[in-house]
Amino acid sequence: MKPRGCLGEDAIHHTLRIYGRYRERFLQYYIWQAKWTRLPVIGRLVRWVANKYGETRHAAYLLTPSEASEVVAISPDLYIGPCSCRQVFHNCDHPVEAEIMLGKGHNPFVEGRKRHYRRITAAEARDVLSAARQRGLVATIIRCNEDFYAICNCCTCCCVPIRLRNEFGIGKALVRSLDIVGEFKAWLATPG
C-alpha cells in the first residue's frame, strides 16, 4: 500500500524541507523510538504505530537493479549526496557519497543544502548504483507521503529502514512494491 498524503502540495514540500534540514536528528529519533519496541507493555503499541507510519507516511521500497536503472533513466533531476544513515551511525566503511536525490524540477533536500549535493547524469547515477551493488549494498527508493525523493544504497548496519525492519520488527519501514516504477512514473506525471 502506498503512503497517502493528507497535506496540500506546498505543505508536503515544506514537510520535506523540514525533514531535510533535520534529517540526521530524525534518523537518530527513529532508532531511539524503535528501541521502545523492546519494552514490555508498550512495545507492541510502539511497533503498531511505527508500522502505520511506514504504511501511510514514510517508507523505503526495495528496488531491483533494473528498477533502479529505470528510475534514474526517467528522472528529470538527479543529484548525488551524502548518505545520512552512514553519516549518523558510522557502523561501516561503505562510501558516504552514495545517495541519489530525485526531483521533478526541484528537490527540497537539495534546495536547502546545495553545498552537499551535485547534479549528476543518469549514466553517472547508474555507475553509483553499480558500484554500490558490487559492494553488496541494496538500492531502495524513499517516499514521504506522495513524494519520492531519493534512491539510497543501503547497508544493513547503518540504514535506518533496514534496521527498523530487521532489529525492531517494524516491517512497514522497508517494503516491496511490484510496480514501484509505475508508481514513480505516476508521481512524475503529477503537477508540482
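Before reading on, note that the structure itself is shown above.
Residues numbered from 1 in each chain as written. Predicted model: local features only at pLDDT ≥ 70, side-chain atom pairs only at ≥ 80, totals over all residues. Heavy atoms only, no water.

## Observations concerning the packing of aromatic side chains
Next, step 1: Enumeration according to the criterion identifies seven aromatic pairs in this entry.
Next, step 2: Their ring planes at 50° and their centres at 6.3 Å tell us that F26 and Y30 sit as a pair that is tilted. Residue F26 and its partner Y30 are both found in helix 2 (residues 23-34); the two are separated by four residues, about one turn of the helix.
Next, step 3: Consider the rings of Y29 and W32, whose centres lie 5.8 Å apart with planes at 40°: the pair is tilted. Within this pair, Y29 and its partner W32 are both found in helix 2, separated by three residues, close to a single helical turn.
Next, step 4: Its relative accessible area of 41% is what places Y29 among the partly exposed residues.
Next, step 5: Relative accessible area serves as the criterion here: at 47%, W32 is assigned to the partly exposed category.
Next, step 6: If you follow K104 out to its NZ or CZ, it ends over the ring of W187, 4.5 Å from the centre.
Next, step 7: Here the guanidinium or amino end of R163 rests over the ring plane of F89, the centre of that ring lying 4.7 Å away. (Phe/Tyr/Trp six-rings, centres within 6.5 Å; stacked < 30°, edge-to-face > 60°. Helix = DSSP H or I, 4+ residues; strand = E, 2+ residues; numbered from the N terminus. Buried < 20%, exposed > 50% of the residue type's maximum accessible area, 1.4 Å probe, protein only. Lys NZ or Arg CZ within 6 Å of the ring centre and 35° of its normal.)

## A closer look at unusual backbone geometry
Next, step 1: A positive phi angle is found at H90, which is not glycine, with a value near 50°.
Next, step 2: The residue H90 is located in the loop between helix 5 (84-89) and strand 3 (97-103) in this model.
Next, step 3: By relative accessible area, which is 59% here, H90 ends up exposed.
Next, step 4: If you check the backbone angles, N145 has positive phi at about 55° while not being a glycine.
Next, step 5: Here N145 lies in the loop between strand 5 (138-144) and strand 6 (147-154).
Next, step 6: By relative accessible area, N145 is classed as buried at 5%.

## A closer look at the pairing of strand 5
Next, step 1: For strand 5, the buried fraction is high: six of the seven residues fall into the buried class.
Next, step 2: Following strand 5, the chain reverses through two residues before pairing antiparallel with strand 6; N145 in that reversal takes a positive phi of roughly 55°. (Pairing = 2+ DSSP bridges.)

## Comments concerning the packing of helix 4 (residues 65-74) against helix 7 (residues 122-134)
Next, step 1: Relative to each other, helix 4 and helix 7 sit at 160°, their axes nearing to 9 Å. Relative to helix 7, the element helix 4 is oriented roughly antiparallel. The way helix 4 lies across helix 7 gives a crossing that is right-handed. Between helix 4 and helix 7, the contacting residues are P65, A68, S69, V72 and A73 on the first element and A122, A125, R126, L129 and R133 on the second.
Next, step 2: Of the residues that constitute the contact of helix 4 with helix 7, the class distribution is seven nonpolar, one polar and two charged. (Axes fitted to C-alpha atoms, helices over the stretch in contact; angles between N-to-C directions. Parallel < 35°, antiparallel > 145°, perpendicular 65-115°, else oblique. Left-handed = near helix turned anticlockwise from the far one by under 90°. Contact = heavy atoms within 4.5 Å. Nonpolar A, V, L, I, M, F, W, Y, C, P; charged D, E, K, R; others polar.)

## Observations regarding the state of the cysteines
Next, step 1: All told, the structure shown has zero disulfides when counted by the stated rule.
Next, step 2: With no disulfide of its own, C85 lies 4.9 Å from the sulfur of C83, the closest cysteine sulfur.
Next, step 3: Of the cysteine sulfurs around C92, a residue in no disulfide, the closest is that of C157, at 3.7 Å.
Next, step 4: Accessibility expressed as a relative area gives 27% for C92, which makes it partly exposed. (Disulfide = S-S within 2.5 Å.)

These figures capture arrangement, not role.
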